[in-house]
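Geometric and topological summary
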Amino acid sequence: MQPVVLLISLILMAALTAAFWLAARASRGEAPGPKANSKRTGLIWAMTIAGVIISVGSLRQWPHALASTGDALEVHVSGGQWWWDIDTTEIPAGTPVNFNVTTEDVTHGMGIYDSGLTLLTQVQAIPGYTTKLTYTFTEPGTYQVLCMEFCGVAHHDMVNEFEVVAAEE
Amino acid sequence: MSTASEPAAAGHAATEPSAAPQAGAVKLTMILSGAVFALMMVFGLIMRAAQGQWIELDPALFYQILTAHGAGMVGTAALSGAAILWYFSGRHVVLTAGIYWAFLGLFLLGVVLILGAIFVGGYGGAWTFLFPLPALSGGAWEAGAAAAFMLGYVSIGVGFLLYYLELGRQIHARYGSLARALGWNLILGREDKNPPPPTIVAAAAVTIFNSIGIILGAAVLVASLVHLLVPGFEVDALLAKNLIYFFGHVFINASIYMAVTAVYEILPEYTGRPWKSNRLFAIAWNAVLIFVMAVYWHHLLQDVVMPPWMLVVGQLVSYFSGIPLIAVTAFSTFLYVRGSKMTWDLASSLLVLSVAGWSVGSIPASIDGMISVNKVMHNTMWVPGHFHTYLLLGEVAMAFGFMAWLVRGKTISQMGGLDRAAFATYLAGAAGFVTVFLFSGAASIPRRWAVHYEEWLTHDRIGTLFSVLVVLGTLIFVLRFVARLGRSEG
Ligand SMILES: [Cu+2]
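Residues numbered from 1 in each chain as written. Chains lettered and ligands numbered in written order. Predicted model: local features only at pLDDT ≥ 70, side-chain atom pairs only at ≥ 80, totals over all residues. Heavy atoms only, no water.

What to know about the overall build of chain B
Stated formally: Strands are runs of DSSP state E lasting at least 2 residues, helices are runs of H or I lasting at least 4, and numbering of each runs from the N terminus. With C-alpha atoms as the basis for the radius of gyration, the globule rule is written as 2.2 Å multiplied by the number of residues raised to the power 0.38. We call a residue buried when its accessible area falls under 20% of the maximum for its residue type, exposed when it is over 50%, and partly exposed in between, using a 1.4 Å probe and counting protein chains only. Residues are treated as being in contact if the distance between any of their heavy atoms lies within 4.5 Å. Here the open area of atoms and residues is found with the Shrake-Rupley method and a 1.4 Å probe, where only the protein chains shown may cover a residue. The positive count covers Lys and Arg only, the negative count covers Asp and Glu only, and His and the chain ends enter neither. Each charge is placed at NZ for Lys, CZ for Arg, CG for Asp and CD for Glu.
Helix and strand content of chain B: 17 helices and zero strands. For a compact globule of 490 residues, the expected C-alpha radius of gyration is about 23 Å, and chain B comes in at 22 Å, within 12% of that figure. A principal-axis box enclosing the C-alpha atoms of chain B has dimensions of 60 × 50 × 45 Å. Per-residue burial over chain B gives 65% buried out of 490 residues. Long-range contacts, defined as pairs at least 24 residues apart, comprise 83% of the intrachain contacts of chain B with a sequence gap of at least 6. Just so you have it, chain B exposes about 16300 Å², and 69% of that area is on carbon and sulfur atoms. The average position of the 24 basic charges and that of the 21 acidic charges among the side chains of chain B differ by 13 Å.

Description of the interface of chain B and chain A
Quick note on the threshold: Two parts placed together each lose some accessible area; with a 1.4 Å probe, that loss summed over both constitutes the buried area. Salt bridge, as used here, is a side-chain nitrogen of Lys or Arg placed within 4 Å of a carboxyl oxygen of Asp or Glu. Here a polar contact is recorded for every N or O atom pair within 3.5 Å, except that within protein the pair must consist of a potential hydrogen donor and a potential acceptor, and residues adjacent in sequence are included only if both atoms are side-chain atoms. In the scheme used here, Gly and all other residues not listed as nonpolar or charged are polar, with Ala, Val, Leu, Ile, Met, Phe, Trp, Tyr, Cys and Pro taken as nonpolar and Asp, Glu, Lys and Arg as charged.
Counting residues at the interface gives 84 residues for chain B, matched by 73 residues for chain A. Of the roughly 6700 Å² buried at the junction of chain B and chain A (both faces included), carbon and sulfur atoms supply 72%. The interface formed by chain B and chain A holds zero salt bridges in total. For the pair chain B and chain A, the number of links is 29 residue pairs in polar contact (both at pLDDT 80 or more). At the level of secondary structure, the elements contributing two or more residues to the side of chain B that touches chain A comprise helix 2 (59-89), helix 8 (237-259), helix 11 (308-320), helix 12 (322-337), helix 13 (346-368), helix 14 (371-377) and helix 16 (417-442) of chain B. If one sorts the elements of the side of chain B that touches chain A by residue count, helix 12 of chain B sits on top with 11 residues. The residue inventory of the side of chain B that touches chain A, partitioned by class, reads 57 nonpolar, 17 polar and 10 charged.

Considering the nonpolar core
Note the following rule: We call a set of buried residues a nonpolar core when its members are Ala, Val, Leu, Ile, Met, Phe, Trp, Tyr or Cys and they connect through side-chain atoms within 4.5 Å of each other. Where each domain starts and ends comes from a domain assignment, either automatic or drawn from a database.
Phe99 of chain A together with Phe160, Trp285 and Phe402 of chain B are the most contacted members of the largest nonpolar core, which totals 222 residues. The leading source of residues in this core is helix 2 of chain B, at 18 residues. Counting contributing residues per domain, this core is built from domain 1 (2-59) and domain 2 (73-165) of chain A, each supplying no fewer than three. Contact partners of Phe99 of chain A, with chain neighbours within four places excluded, come to Val75, Val77, Ile91, Met110, Ile112, Thr131, Lys132, Leu133, Tyr135, Phe137 and Phe162 of chain A.

A word on the coordination of the copper ion
Angles between donor atoms at a metal ideally measure 109.5 degrees for a four-coordinate tetrahedral arrangement and either 90 or 180 degrees for a six-coordinate octahedral one. Residues and elements named next belong to chain A. Threshold: Listed donor atoms are N, O and S within 2.8 Å of the metal (Na, K and Ca: 3.2 Å). As water is not included, a site may look incomplete. Only two sets of limits are used to name each site, 85 to 135 degrees for every angle of a tetrahedral four-donor site, and over 155 degrees for opposite donors with all other angles from 65 to 115 for a square planar four-donor or octahedral six-donor site, with any other site named irregular.
Note on the copper ion: its protein donors are His108 (ND1), Cys147 (SG), Cys151 (SG) and Met158 (SD). The metal-donor distances range over 2.0 to 2.5 Å. Considering all four donor atoms around the copper ion, the spread of angles at the metal, 89 to 126°, places the coordination shape in the tetrahedral class. In the primary structure, the donors to the copper ion are separated according to the pattern H-x38-C-x3-C-x6-M. In this pair, His108 is assigned in strand 5 (residues 108-113) and Met158 in the loop between strand 8 (141-147) and strand 9 (159-165), connecting sequence segments 50 residues apart. Side by side, His108 and Met158 carry an identical accessibility label, which is buried.

Re the domain arrangement of chain A
As assigned here, chain A comprises domain 1 (2-59) and domain 2 (73-165). Here the C-alpha centre of domain 2 of chain A lies 39 Å away from the C-alpha centre of domain 1 of chain A.

Comments concerning the sheet that holds strand 3 (residues 90-92) of chain A
All names here are of chain A. Our working rule: Only when DSSP finds a minimum of two bridges between them are two strands counted as paired. Every angle, taken between N-to-C directions, lies between 0 and 180 degrees, and every axis is a line fitted to C-alpha atoms, over only the stretch in contact when it is a helix.
Here five strands make up an open sheet; going across it, the order is 3-9-8-5-6 and the pairing mixed. Looking along the sheet, the strands with just one partner apiece sit at the ends: strand 3 and strand 6 (119-125). Across the sheet, the mean angle separating the axes of adjacent strands is 30° when strand polarity is ignored. Both strand 5 and strand 8 contribute to a ladder of four bridges, which runs antiparallel. What sits directly across from Ile112, in strand 8, is Val145.

Here's the deal with the packing of aromatic side chains
Residues and elements named next belong to chain B. For clarity, the cut-off: Ring pairs are drawn from Phe, Tyr and Trp, using the six-membered ring of Trp, whenever the two centres fall within 6.5 Å, and their geometry is named by plane angle: stacked under 30 degrees, edge-to-face over 60, tilted for the rest.
Under the defined criterion, the tally for this structure stands at 50 aromatic pairs over all chains. Both rings, one in Tyr87 and one in Phe402, keep their centres 5.4 Å apart while their planes meet at 75°; by these two values the pair is edge-to-face. Pair noted here: Tyr87 is in helix 2 and Phe402 is in helix 15 (residues 382-406), with a separation of 315 residues, a long-range link. Side by side, Tyr87 and Phe402 carry an identical accessibility label, which is buried. Taken together, a centroid distance of 5.7 Å and an interplanar angle of 50° make the contact between Phe88 and Trp405 tilted. Of the two residues, Phe88 is situated in helix 2 and Trp405 in helix 15; the sequence distance between them amounts to 317 residues.

Side note on the sheet that holds strand 4 (residues 96-103) of chain A
Residue and element names in this part refer to chain A. With respect to topology, four strands assemble into an open sheet ordered 2-1-4-7, the strand pairing being mixed. Edge strands, defined here as strands with exactly one partner in the open sheet, are strand 2 (83-86) and strand 7 (131-136). On average, adjacent strands in this sheet sit at an angle of 25° to one another, irrespective of strand direction. Examined bridge by bridge, strand 1 (residues 73-80) and strand 4 share seven bridges and lie parallel to one another. Across the sheet, residue Gly79 finds its bridge partner in strand 4, namely Thr103.

Regarding the packing of helix 12 of chain B against helix 13 of chain B
Two numbers describe a pair of packed helices, the interaxial angle and the distance between the axes. Residue and element names in this part refer to chain B. This is how it is decided: Every angle not falling under 35 degrees, over 145, or within 65 to 115 is termed oblique; those three ranges are roughly parallel, roughly antiparallel and roughly perpendicular. By definition, any crossing whose near helix is turned counterclockwise from its far helix by less than a right angle is left-handed, and any crossing with a clockwise turn is right-handed.
Here helix 12 crosses helix 13 at 150°, and the two axes come no closer than 10 Å. By the angle between their axes, helix 12 is roughly antiparallel relative to helix 13. The hand of the helix 12/helix 13 crossing is left-handed. Contact residues: helix 12 offers Leu325, Ile326, Thr329, Ala330, Thr333 and Val337, while helix 13 offers Val352, Val355, Trp358, Ser359 and Ser362. Among the residues forming the contact of helix 12 with helix 13, the class breakdown is seven nonpolar, four polar and no charged.

Focus on a nonpolar patch on the surface
So the rule is basically this: Residues enter patches when they are more than 30% accessible in relative terms and free of salt bridges; like-charged ones are connected within 9 Å and nonpolar ones (Val, Leu, Ile, Met, Phe, Trp, Tyr) within 5 Å.
A contiguous nonpolar patch, built from Val4, Ile8 and Leu12 of chain A and spanning about 260 Å² of accessible area, is present on the exposed surface. Mapping Ile8 of chain A onto the fold places it in helix 1 (residues 2-25).

Topic: the pattern of salt bridges
For side chains bearing opposite charge, pairing can occur when the charged atoms are close. Residue and element names in this part refer to chain B. Throughout the structure, instances matching the rule amount to eight salt bridges over all chains. The salt bridge partner of Arg91 is Glu269, with a shortest N-O separation of 3.8 Å. Of the two residues, Arg91 sits in the loop between helix 2 and helix 3 (97-119) while Glu269 sits in helix 9 (residues 261-271), which places them 178 residues apart along the sequence. For Arg91, a relative accessible area of 6% corresponds to the buried category. Of the residues examined, Glu269 reaches a relative accessible area of 27% and is grouped as partly exposed. In this structure, Lys241 engages Asp303 in a salt bridge whose closest nitrogen and oxygen atoms are separated by 2.8 Å. Taken as a pair, Lys241 in helix 8 and Asp303 in the loop between helix 10 (279-294) and helix 11 lie far apart in primary sequence, 62 residues in all. Under the relative-accessibility criterion, Asp303 is labelled buried at 0%. Counted as one network, the salt bridges with shared partners bring together Arg91, Glu265, Glu269 and Arg408.

So this is what it looks like as C-alpha cells:
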C-alpha cells in the first residue's frame, strides 16, 4: 500500500506546486478574467464530490473490523518499558489473527513488520485498555513487533519477533 | 477607537509600518523567533546526523534534543505567529502594550523552565508529555524535571490567555461582538457598513479556538502535575491523550492561522489588490473554526477503543479542511498574484511560498488522515514529513517573509544576489528535507527512533544534507534581518 500512497501524494503535491508556479509566472501576464470565480465554484464542487466518493469508498468496510472469535486465533501481546511479550511464537499463515494488546505502564504502539521491514499494520497500546487488531498473514517467515509510540529512553529497543508458519493441511 | 483606519478597512497602504503600535516589541520578538528557529533547526540537523550514524549521540540526549526541538519549534511558531497577528491587528484595533510585554515575559519564563527541565533535569518525554510518560521515565529523569517542563507550558499558556483576552476584548469593543468580527453579517447577507477585515476575522476565530485549546491543555497539565506529586491520583490515559492532542493540534494550527495575516496584509502592497473579506472568506473562516477543533481525532485513528464515529469525523474533517485552504486561501492567492505585475522581493516571494507550502503540505496530511492509510503510516516518518511541509515551508516562511518585509526599506526592489541565493537554498533544502521524510514514511521507518537500522541510513544521510541547506538559508534570513534592523534603527 505504501508505494501507492507515496505516488498519489507526490503527484497531487506536484500538481499543486505547479499551480503556484504558474500563478507566480503569470504575475507578469494577464489579470484573471471574469470566469475566475466560477472556476473556484467548480473547484469546490469537484473537491466535495471527490471527498464524498473517497470517504464512502474508504469507510464502507470499517478499517478496524475484527474477525469473529470463532474463526480467529487469539494472540495476546503486552508491552512495557521496554519489552514486548507475545504469548504465541508460531502463528499459522492464512488464519485471521486477533491481537489483544495491553500495556503495563505507558502508551506504546504495536507495529507489525515483515522480514523486509515493511509495516503491515499497527494499533496503540493504551494504559487501562485492551486494544484489538485483526491481521491475516499470507507469507511464512519471521515478523517483528516494533514500538510505534514514543515511550522513553529505550523506545527504539522495544522490539520482539514471532514466526509465521505454513498452515497445516 | 481609531477611526482613521475605518474607511480603509480593506486596504491599508496608508498605514506606515513604523507607526504600528508596539512595533519595537514585535521586532524584538522576531529576533528571538529567528534565533530560536535557527537553533532548533540545528537540533534537527543533529538528530538526522545521529540517525544516519554520522555522529554519535547518546539516546538519552537524543530524546532530550527531540523534546527541545518539538517544544521549541511549536512554541516559536506560536510566538512568531502571535507577534504577526498582534502587529496587524494593531492596524484595526487599539491593543495594550503592557499585555504584550506580559505575554512575552511569561513566554520567556516558560522557555527557561522548559530548557532547564530538559538540559539540567534530563526530561526527555517529548513535547506531547503523553500521560503517564512524564511520571514513568524508567530512571531517565526525576519527577521534578517533568514538573518543571509542565510548569513551563503553564506559564506560556497563561501568557497566551492574557494575549487572547486582550485581543478578544478589543475586537469586541471595536466590532460589537465576536460574531460580527467572524463575518456573520457577510454570511447571512445582512448589511454591514464596516465589515471586519481579513485580519480581524482571523483574529476572532483564533482567539476563540486557541483559548479553548489552551484551557483544555491546562486541564490535562494540572492533572498530570497532580499525578506527579500525589501518588494514587490517576487519570484515564485515553482521556488525557484526547485533551493533549486537542490542545496540541489546535495550538500548532493556530500558529499558522495567526501568521497568515501577514499574507493578507502584506501581499496587497505588492499586488495593488486589497485582500477583502467577503461572504466566501467568512464562510471559510467559520468552517476553519469548527474544523480545527473537530479534526484532532485524526491523531487517535489507531486508538481503536475510541468511539468509531469520532474516528470517522477525524477522517472526514481531515479531508474537508482542505477545501477552505486550497479553494479559498490558495485560490485567492492565485487570483491576487496573476497579472498583478508585482515585484518579487524576498518578502513577497516568501509569503507566496508560505501559502504554497501550507497547501501542498495539507495533501499528505489528509491522505494520512484516512484510517486505512494511517494503519501503515501513523507514527512513521510520513508524519514529520507532512507537518514539516506546512511548517517549514508554511508558518516559518510566513515568519521569515514578515521579517523581510519589516526591513524592506523605502522602495520595493527586485531580489539581490544574496537574497536569491538564500531563498533558493532554503527552498531547495526544505523541499528536499520533507520529501526524504515522505519517502522514509513510505519505507515504514518509525518516527522518534534514536537509533536506526542499517537499511534506513541512506534516508537519514540524504535528509541530513538537505537540513544543512535549511540551516544555511535560515542563518542568512535571520542575520540579514538583524543587520538591516540595526541599520534602520541606527
Ligand atoms: Cu514503547
